[in-house]
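Examination of the molecular architecture
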Amino acid sequence: METKHADFDILEALQRIRAVVRSLPPAALFQLAEEGFRTPFELLVACIISVRTRDEVTVPTARRLFARARTPQEFAALDPNELARLLRPATFAQVKAQNLMVIAHRLLVEQNGTLPCNEEFLRSLPGVGPKCTNLVLGIACGIPRVAVDVHVHRIVNRWGYVHTRTPEQTMQALEQKLPQQYWVELNRLLVPFGKHVCTGIAPRCSTCVLADLCPRIGVTHHR
Ligand code: SF4
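Residues numbered from 1 in each chain as written. Predicted model: local features only at pLDDT ≥ 70, side-chain atom pairs only at ≥ 80, totals over all residues. Heavy atoms only, no water.

**Some details on the environment of P40**
Test applied: Strands here are runs of E lasting at least two residues and helices are runs of H or I lasting at least four, both read from the DSSP assignment and numbered beginning at the N terminus. In what follows, residue pairs with any heavy atoms lying within 4.5 Å of each other are defined as contacts.
Note that P40 resides in helix 3 (residues 40–50). Between the C-alpha atoms of P40 and R145, which are 105 residues apart in sequence, the distance is 14 Å. Each residue touching P40, except ones within four places of it in the same chain, is listed here: L115, C117, V136, A140 and C141.

**Some remarks on the side chain of T61**
Our working definition: For every residue, the accessible area obtained with a 1.4 Å probe (protein chains only) is divided by the maximum for its type, and the residue is called buried under 20%, exposed over 50%, and partly exposed between those limits.
Looking at the secondary structure, you find T61 in helix 4 (residues 55–68). T61 gets classed as buried once you look at its relative accessible area, which sits at 1%.

**Regarding the state of the cysteines**
Quick reminder of the rule: By definition, disulfides here are pairs of cysteine sulfur atoms that lie within 2.5 Å.
Under the criterion given, the structure shown has 2 disulfides. Two residues, C47 and C132, share a disulfide whose sulfurs are 2.1 Å apart. The sign of the -90 degrees torsion about the S-S bond sets the C47-C132 disulfide as left-handed. Taken together, the positions of C47 in helix 3 and C132 in helix 9 (residues 130–140) put the pair 85 residues apart, joining distant regions of the chain. Like C47, the residue C132 is buried in the burial classification. Sulfur-sulfur distance for the disulfide between C117 and C141 comes to 2.1 Å. When the S-S torsion is -85 degrees, as for the bridge of C117 with C141, the disulfide is left-handed. Residue C117 is located in the loop between helix 7 (93–110) and helix 8 (119–123), and its partner C141 is located in the loop between helix 9 and helix 10 (150–158); the two are separated by 24 residues in the primary sequence. Each disulfide of the chain joins two cysteines, and with those cysteines numbered along the sequence the arrangement is 1-3, 2-4.

**Structural notes on the site of the ligand**
To keep it simple, the criterion reads: Note on definitions. A residue lies near a molecule or strand when any single heavy atom of the residue is within 4 Å of it. When residues are sorted by character, Ala, Val, Leu, Ile, Met, Phe, Trp, Tyr, Cys and Pro go into the nonpolar class, Asp, Glu, Lys and Arg into the charged class, and all the rest, Gly among them, into the polar class.
Taken together, the neighbourhood of the ligand is formed by R158, W159, F193, C198, P203, C205, C208, L210, C214, R216 and V219. Residues belonging to the shell around the ligand are distributed by class as follows: 9 nonpolar, no polar and 2 charged.

**Regarding the domain arrangement of the chain**
Accessible area lost on assembly of the parts is the figure often given for the size of an interface. As a reminder, the rule being used: Either an automatic procedure or a domain database provided the assignment from which the domain bounds are taken. By definition, a salt bridge exists where a carboxyl oxygen of Asp or Glu is found within 4 Å of a side-chain nitrogen of Lys or Arg. By the criterion applied in these results, polar contacts are pairs of N or O atoms within 3.5 Å in which, for protein atoms, one can donate a hydrogen and the other can accept it, and in which residues neighboring in sequence qualify only through two side-chain atoms.
Taken domain by domain, the chain comprises domain 1 (10–25 + 146–207) and domain 2 (28–140). Distance between the C-alpha centres of domain 1 and domain 2: 25 Å. In this complex, domain 1 contributes 12 residues to the contact, which on the side of domain 2 involves 10 residues. Counting across the domain 1 and domain 2 interface gives 2 salt bridges. As a salt-bridge pair, K195 and D55 come within 3.5 Å of each other at their nearest N and O atoms. Connecting domain 1 to domain 2 are 3 residue pairs in polar contact (both at pLDDT 80 or more). Listing elements by their share of the side of domain 1 that touches domain 2, those giving two or more residues are helix 11 (167–177) and helix 12 (183–196). Looking at the side of domain 1 that touches domain 2, the element that brings in the most residues is helix 12, giving 5 residues.

**So, the packing of helix 3 against helix 4**
Defined as follows: A fitted line through C-alpha atoms represents every axis, and for helices the fit uses only the stretch in contact; the resulting angles, taken between N-to-C directions, go from 0 to 180 degrees. Working rule for angles: under 35 degrees goes down as roughly parallel, over 145 as roughly antiparallel, 65 to 115 as roughly perpendicular, anything else as oblique. Left-handed is the label given to a crossing in which the near helix is rotated counterclockwise from the far helix by less than a right angle, and right-handed is the label when the rotation is clockwise.
At a minimum axis distance of 9 Å, the contact between helix 3 and helix 4 shows a crossing angle of 135 degrees. Taken together, helix 3 and helix 4 sit at an angle that is classed as oblique. Of the two possible hands of crossing, helix 3 and helix 4 adopt the one that is right-handed. Seen from helix 3, the contacting residues are E42, V45, A46, I49 and S50; seen from helix 4, they are T58, T61, A62, L65 and F66. Looking at the contact of helix 3 with helix 4 residue by residue, the class counts come to 6 nonpolar, 3 polar and 1 charged.

**What about the pattern of salt bridges?**
By the definition in use, this model includes 12 salt bridges. Between R54 and E56 there is a salt bridge whose closest N-O contact spans 3.7 Å. For E56, a relative accessible area of 45% corresponds to the partly exposed category. As a salt-bridge pair, E82 and R68 come within 2.6 Å of each other at their nearest N and O atoms. With E82 in helix 6 (residues 80–87) and R68 in helix 4, this residue pair connects regions lying 14 residues apart in the sequence.

In structure tokens, the structure reads:
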């Protein structure tokens, strides 16, 4: 199984996808970073908002929240109910508000009010999993990490580039196999590509720029 598609040319694939995504809306965190919300804390807040929430909701919610508060100090000073209200278009607003309050207070008490670029500390925060940790480290801290969400996980398995069951396994497999210079860019490219081309249900294989490269593993119906 591994050898059959082991020669999938991922560098050629990424090169083609770069051209495709130029005309697509960027993934939420990359969009917000481009708009200037790129401190580790801001990107962590944005990633927490984005959990189980569509990018179309995440981006305006984050903008509205950052207009009110952008630092741990400003978050800690918010009324928790107001924070929940500001988050409300996103899913699980109450839980996310509670987690953000805990995070803001921990940063004030333990880290002089600044989120450190430290994987262990990030993973110790409530509501922060490997995807958000790696996005913060990769985008805000310049520390290469592969951030794997459902799109990245699905697509690299369809390519046969990895053979994994969970996003965690995919992250580990990619960090062993993919040259490090592509680790952060992979998420930036595959999230919009996965939303608009290589979709979860019925991917657009007939017009896909990778049609001649891709073994389409596990794809039963496509457009
Ligand atoms: S050919 Fe189909 S399965 Fe392969 S990357 Fe394109 S849309 Fe996805």
